[in-house]
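Residue-level structural notes
The primary structure of each chain is shown beneath.
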Amino acid sequence: MPTIDDAIAIPPTLTATSLLRGGPGAFGAPRGSGKTHQGVDIVANQSLSDKSIYQVRATSAGQVAYAQINGTATTGYGYTVVIDHQNGFYTLYAHLAINASAGLAAVSQTVAQGDIIGYLADLANGEKSSGNVLADVVAPYDKIQLHLECFEAPLGRTSTTTLTVIKDGCTLDDPTARLTALGYKSF
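Here goes a summary of the coordinates provided. Each chain has its residues counted from 1, following the order in which its sequence is written. This being a predicted model, a pLDDT of at least 70 is required before a residue's local features are given, and a value of 80 or more before pairs of side-chain atoms are given or counted; all residues contribute to the totals for chains, interfaces and linings. Side-chain metrics in this entry use all non-hydrogen atoms of the structure; hydrogen atoms and water are not considered.

**Some details on the pattern of salt bridges**
What makes a salt bridge here is a side-chain nitrogen of Lys or Arg within 4 Å of a carboxyl oxygen of Asp or Glu, nothing more. Summed over the entire model, instances satisfying the criterion amount to three salt bridges. Between aspartate 5 and arginine 178 there is a salt bridge whose closest N-O contact spans 3.5 Å. Within this pair, whereas aspartate 5 is found in helix α1 (residues 4-7), its partner arginine 178 is found in helix α4 (residues 176-181), the two being separated by 173 residues in sequence. By relative accessible area, aspartate 5 is classed as partly exposed at 38%. Only DSSP runs of H or I reaching four residues or more are called helices, and only runs of E reaching two or more are called strands; each is numbered from the N terminus. Exposed residues in this analysis have more than 50% of their type's maximum accessible area, buried residues have under 20%, and partly exposed residues fall in between, with area computed by a 1.4 Å probe over protein chains only.

**Describing the environment of threonine 3**
Structurally, threonine 3 is set in the segment before α1. With 86 residues separating them in the primary sequence, threonine 3 and phenylalanine 89 have C-alpha atoms 8.1 Å apart.

**Concerning the packing of aromatic side chains**
When two rings of Phe, Tyr or Trp (its six-membered ring) have centres within 6.5 Å they constitute a pair, described as stacked for plane angles under 30 degrees, edge-to-face for angles over 60, and tilted for the intermediate range. Scanning the model with the defined rule gives one aromatic pair in all. When the ring centre of tyrosine 119 is taken as origin, the NZ or CZ atom of lysine 51, which lies over that ring, is 4.6 Å away. Here, a charge over a ring is recorded when the distance from Lys NZ or Arg CZ to the ring centre is within 6 Å and its angle to the ring normal is within 35 degrees. Lying over the aromatic face of phenylalanine 151, lysine 167 brings its terminal NZ or CZ to 5.7 Å of the ring centre.

**Points about the environment of glycine 39**
Mapped onto the elements, glycine 39 comes out in the loop between β1 (18-20) and β2 (40-44). Through-space distance from the C-alpha of glycine 39 to that of aspartate 5 is 16 Å; in sequence the pair is 34 residues apart. Here glycine 39 is in contact with Gly25, Ala26, Phe27, His147, Leu148 and Glu149, once residues within four sequence places are set aside. Note on definitions: a residue-residue contact is assigned when non-hydrogen atoms from the two residues lie within 4.5 Å.

Okay, structure coming up:
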């Protein structure tokens, strides 16, 4: 039976240049209107013009189920990619830098574990993470963050319109222990 380890086999970002965010960025942290944080936030702890340190990679092989802006460039999840790992698990990568990430992943595209599917930022071109990224992260690296979710849902779901089609009735999984085992430190 597949486990979260099958969906998150490798870290989505470079562990040497990013940290897991505690507090409001932790899985299950309270949000407004009685909601809770559905994933974890991974923030940059280094700032360079070289965008390679901001790579976001597929944590396991699968098929792209969603790749577009969810919300707007400044609200919601921003540029988001969802991968169906073909085993009942999906991973969602949100707040990606729009210009640096657009076109790297497309719905129905097959991706291998480790393929670059987006970037947290491209500072050489003045681009930081998209969507509603909280600003109280590791200074001075505000607005350079990945929101990662792992959830279980029937395989084969895709959407070119809304995440609701994919996430409807899903079971959320807390990826914190897995990401810590893969080498992430927290702040």
